[in-house]
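# Structure at a glance
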Amino acid sequence: PSPAVAAARCCRPRRPRHATALAAGPRHTAAAAAEAVGGAAAAAPTFCNPIDLPYRFQPTTGESFREGADPTMVVFGGRYLLFLSKNGGYYASNDLVRWSLIVPTGLPVDDYAPTVMQMEGRLFFTASHSRALYTTDDPFKGEWREVATLPSYADPALFLDDDGRVYLAYGSHQTWGPTGGGNASHVVELDPARGWREVSHHSAVAFANAARNGWEVSGNGNDDYRLAPYVEGPWITKVGGVYFLQYASPGTQFFTYSDGFFVAKSLRDLGHSHHSKYSPFSPFSAKPTGFMRGAGHGSIFRGLDGELWHVTTAVIARRIRRLVINPVHVQGEWMNADTYLGDFPVGVDGRRPDWQLLSLHKPATASSTSGANAPSRAFDEDIRTCWSAETGAAGEWLAVDLGANATAYAVQLNFAEVGAKQTGRLPLRDACRYYCEASADGVRWTVVPELDRREGGRDSPHDYVALRQPLSLRH
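Criteria and cut-off values
- Residues numbered from 1 in each chain as written.
- Predicted model: local features only at pLDDT ≥ 70, side-chain atom pairs only at ≥ 80, totals over all residues.
- Heavy atoms only, no water.
- Salt bridge = Lys/Arg side-chain N within 4 Å of Asp/Glu carboxyl O.
- Buried < 20%, exposed > 50% of the residue type's maximum accessible area, 1.4 Å probe, protein only.
- Helix = DSSP H or I, 4+ residues; strand = E, 2+ residues; numbered from the N terminus.
- Contact = heavy atoms within 4.5 Å.
- Pairing = 2+ DSSP bridges.
- Axes fitted to C-alpha atoms, helices over the stretch in contact; angles between N-to-C directions.
- Phe/Tyr/Trp six-rings, centres within 6.5 Å; stacked < 30°, edge-to-face > 60°.
- Lys NZ or Arg CZ within 6 Å of the ring centre and 35° of its normal.
- Core = buried A, V, L, I, M, F, W, Y, C linked by side-chain atoms within 4.5 Å.

### Quick word on the pattern of salt bridges
By the definition in use, this model includes 23 salt bridges. A salt bridge links Lys141 to Glu143; its shortest N-O distance comes to 3.9 Å. For Lys141, a relative accessible area of 57% gives the class exposed. Residue classification places Glu143 among the partly exposed residues on the basis of a relative accessible area of 47%.

### Points about the side chain of Thr313
Mapping Thr313 onto the fold places it in strand β25 (residues 308–315). Here Thr313 is in contact with Gly68, Ala69, Asp70, Pro71, Thr252, Gly294, Ala295, Gly296, His297, Arg321 and Arg322, once residues within four sequence places are set aside.

### Observations concerning the sheet that holds strand β26 (residues 321–331)
The strand order across the open sheet built from four strands is β24-β25-β26-β27, with neighbouring strands paired in antiparallel fashion. Lying at the two open borders of the sheet, with one neighbouring strand each, are β24 (293–302) and β27 (334–337). Strand-to-strand twist of the sheet, defined as the mean angle between neighbouring strand axes without regard to direction, takes the value 30°.

### Here's the deal with the packing of aromatic side chains
Overall, the coordinates contain 20 aromatic pairs when judged by the stated rule. Their ring planes at 45° and their centres at 5.6 Å tell us that Trp215 and Tyr247 sit as a pair that is tilted. A residue pair is termed long-range when its members are at least 10 positions apart, and Trp215 in the loop between β19 (203–206) and β20 (230–239) and Tyr247 in strand β21 (residues 242–249) qualify at 32 residues. Judged by its relative accessible area of 10%, Trp215 falls in the buried class. The rings of Phe83, Tyr90, Phe125, Tyr134 and Trp144 are connected pair by pair, giving a single aromatic cluster. It is Arg212 that lies over the ring of Tyr278; its NZ or CZ is 4.2 Å from the centre.

### A look at the nonpolar core
Ile236 and Leu245 are the most contacted members of the largest nonpolar core, which has 32 residues in total. Of all the elements in the fold, those that place two or more residues in this core are β14 (157–160), β15 (166–170), β19, β20, β21, β22 (258–264) and β27. Looking at this core element by element, the count peaks at five residues for β21. Setting aside its immediate chain neighbours within four residues, Ile236 contacts Phe159, Ala169, Val187, Tyr243, Phe244, Leu245 and Leu267. Residues Trp387, Ala389, Leu413 and Cys432 belong to the second largest nonpolar core, which totals 21 residues.

Encoded structure:
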């Protein structure tokens, strides 16, 4: 296989970014994007969407693909834990920047839509149609055990209320309108003291209504009236006595995939008192354009900084999905995820440094090109396109001329897998090996130490680094 780069990005004061392609392992083609950013130094460590995880290659009969979707994030023991669909494990981080994989025992990590809740010093886990509840008091050790049998729930979401009562929201259905029954997200109360049995009615709390809510209409432009939209991916958040009953629509394959919400003052007897109401502030999380598109089916969590964040699903192609994280703001019954600059670096304190994309549409050259995957496609701010080299051999290269001297504060390389046959976890011996050089004149080059991956050992499909010292460069 030959190397491929989806986009290359260099930043300074503010705009979207992209990727560049470099070397590929023997089982797949690599595509990458590079970005440099300039402006003032960030006050806190930064990360950049999409989240850089060693996403697993999913089983397929044709070209294989990486996927990560339907995330749940919790804070436990002073660290972040990130659970996502069908990834063979979950991830831990101290800072939202660097992540380590935990491969547990006793947990159905290949099921879709996992949900995790903390209660009494333990974590409790279930997933879509898992039909069981699992627990551990040490998720970093990774040993889990089953504690209860559950009914089959689609897209479940566990929620512990302030009074100690436990609820579960669930639902994934296609629907044209608020007809009730199966065409809604539901909430049911579970009683831990009675073996996690259901102890309430199944209350319908969130309905799709595409005739009223244009953002729920199917299609990448909310313009496909032939296909009924989904209402799925529920989540419950409580802030200031208000319950935000979240749901995703119109479908995970669309750039318009977003999260809307209903609000309620109580979860008790919700279906009988009709206390939930659609919020006109929906969708609170949407991103139909830009480098990473889509912002639906996610979870809200309170970070180590005490602030709210939203981790959610973005789409590259129908089954090729990634995770993104954006700050969340709540006031009264208003809620909003800050996706406006979601393609740009953000500090772990929720603040975005004043950095602008430098590499967008800048002239690019390369050692070779495979088919129509020209070097310019690494800098067009479209993660669906890429530069691909003719071979996967060492020595293939991609270069960009920024047009003038600039100061770069961060770089991002996004790799795609063109013609991949890999399934499961990518062996580290097959991870992309590459390095990045900077030059002021295009003649004398200096290796960027933070982006020297020639020794391999790290699967980093969305490699982002904030440079320890800003670089003055043009190439």
